[in-house]
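Each chain, letter by letter, is given below.
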Amino acid sequence: EADIYQTPRYLVIGTGKKITLECSQTMGHDKMYWYQQDPGMELHLIHYSYGVNSTEKGDLSSESTVSRIRTEHFPLTLESARPSHTSQYLCASSDQVSLGTDTQYFGPGTRLTVL
Amino acid sequence: ILNVEQSPQSLHVQEGDSTNFTCSFPSSNFYALHWYRWETAKSPEALFVMTLNGDEKKKGRISATLNTKEGYSYLYIKGSQPEDSATYLCAFRPTSNTGKLIFGQGTTLQVKP
């Protein structure tokens, strides 16, 4: 059973605020990912990390930033939230069982609304 | 740009009906194809990962097939139950990257009792 947690689950915030979405996993996975999903659209990868002190931008450009100081923790930060950031954000992690077939385990997501 | 297409976008069936939906992906640079089930207010849950042309996987009443030469995968649900109601996502992993998945939009299944 996957143990990956995201907080908050829902967030409504005003424009210009700085926010951090938390993601933690207790499985010791090296790889972690952040996806963004707009209603009715695909999950798009915005950030990923293959280990501590390793972060890369994903396929979808994002104004958010991430850090990976500890294996289990992969927070995402928006320095100044805007209405265009309104979306659902999902965090995932995986362990490299064999290259390419490692299953990603997802958190429940954070639904962000910026007014 | 690599596109993954799922059809239909949504599906309504009666309890007991069998159903299937399609995931289309690029046939070149194939490495793996994943299926996930995503129930409302829950986390997406992994169903299958398939890597070989002709692969068939089964989990209870749900099964999946893979054709890498023509670039499609089918997901079948036999005798749908209300608890099968969810969005089913497929994700393609090409050989050109290391672990990143490209997701389709999903097929949302609603099973009426």
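Residues numbered from 1 in each chain as written. Chains lettered and ligands numbered in written order. Predicted model: local features only at pLDDT ≥ 70, side-chain atom pairs only at ≥ 80, totals over all residues. Heavy atoms only, no water.

Caption draft 1: Seen up close, the overall build of chain A. For chain A, the count of helices and strands is zero helices and 11 strands. Element order for chain A, N to C, with α for helix and β for strand: β-β-β-β-β-β-β-β-β-β-β. What you see for chain A is a C-alpha radius of gyration of 14 Å, in line with the 13 Å of a compact globule of 115 residues. Along the first, second and third principal axes, the C-alpha atoms of chain A reach 45 × 30 × 25 Å. Evaluated residue by residue, chain A yields a buried proportion of 49% over its 115 residues. Within chain A, contacts between residues at least 6 apart in sequence are counted, and of these 54% link residues at least 24 apart. Summed over its atoms, the accessible surface of chain A is roughly 5500 Å², and 51% of this surface lies on carbon and sulfur atoms. (Helix = DSSP H or I, 4+ residues; strand = E, 2+ residues; numbered from the N terminus. Rg over C-alpha atoms; globule rule 2.2 N^0.38 Å. Buried < 20%, exposed > 50% of the residue type's maximum accessible area, 1.4 Å probe, protein only. Contact = heavy atoms within 4.5 Å. Areas by Shrake-Rupley, 256 points an atom, 1.4 Å probe, with all protein chains shown as cover.)

Caption draft 2: Structural detail: the interface of chain B and chain A. The interface of chain B with chain A comprises 21 residues on the first partner and 24 residues on the second. Carbon and sulfur atoms make up 55% of the area that chain B and chain A hide from each other, which totals about 1900 Å². In this structure, the connection of chain B to chain A is made through one salt bridge. Where Lys 100 of chain B meets Asp 59 of chain A, a salt bridge forms, and the shortest distance between an N and an O atom there is 3.5 Å. Counting across the interface, chain B meets chain A through five residue pairs in polar contact (both at pLDDT 80 or more). Mapped onto the side of chain B that touches chain A, the elements with two or more residues apiece are strand 4 (30-38), strand 5 (45-50) and strand 9 (86-94) of chain B. Sort the elements by how many residues they give to the side of chain B that touches chain A and strand 4 of chain B lands first, with five residues. The residue inventory of the side of chain B that touches chain A, partitioned by class, reads 11 nonpolar, seven polar and three charged. (Buried area = accessible area lost by both parts, 1.4 Å probe. Salt bridge = Lys/Arg side-chain N within 4 Å of Asp/Glu carboxyl O. Polar contact = N/O pair within 3.5 Å; in protein donor to acceptor, adjacent residues only side chain to side chain. Nonpolar A, V, L, I, M, F, W, Y, C, P; charged D, E, K, R; others polar.)

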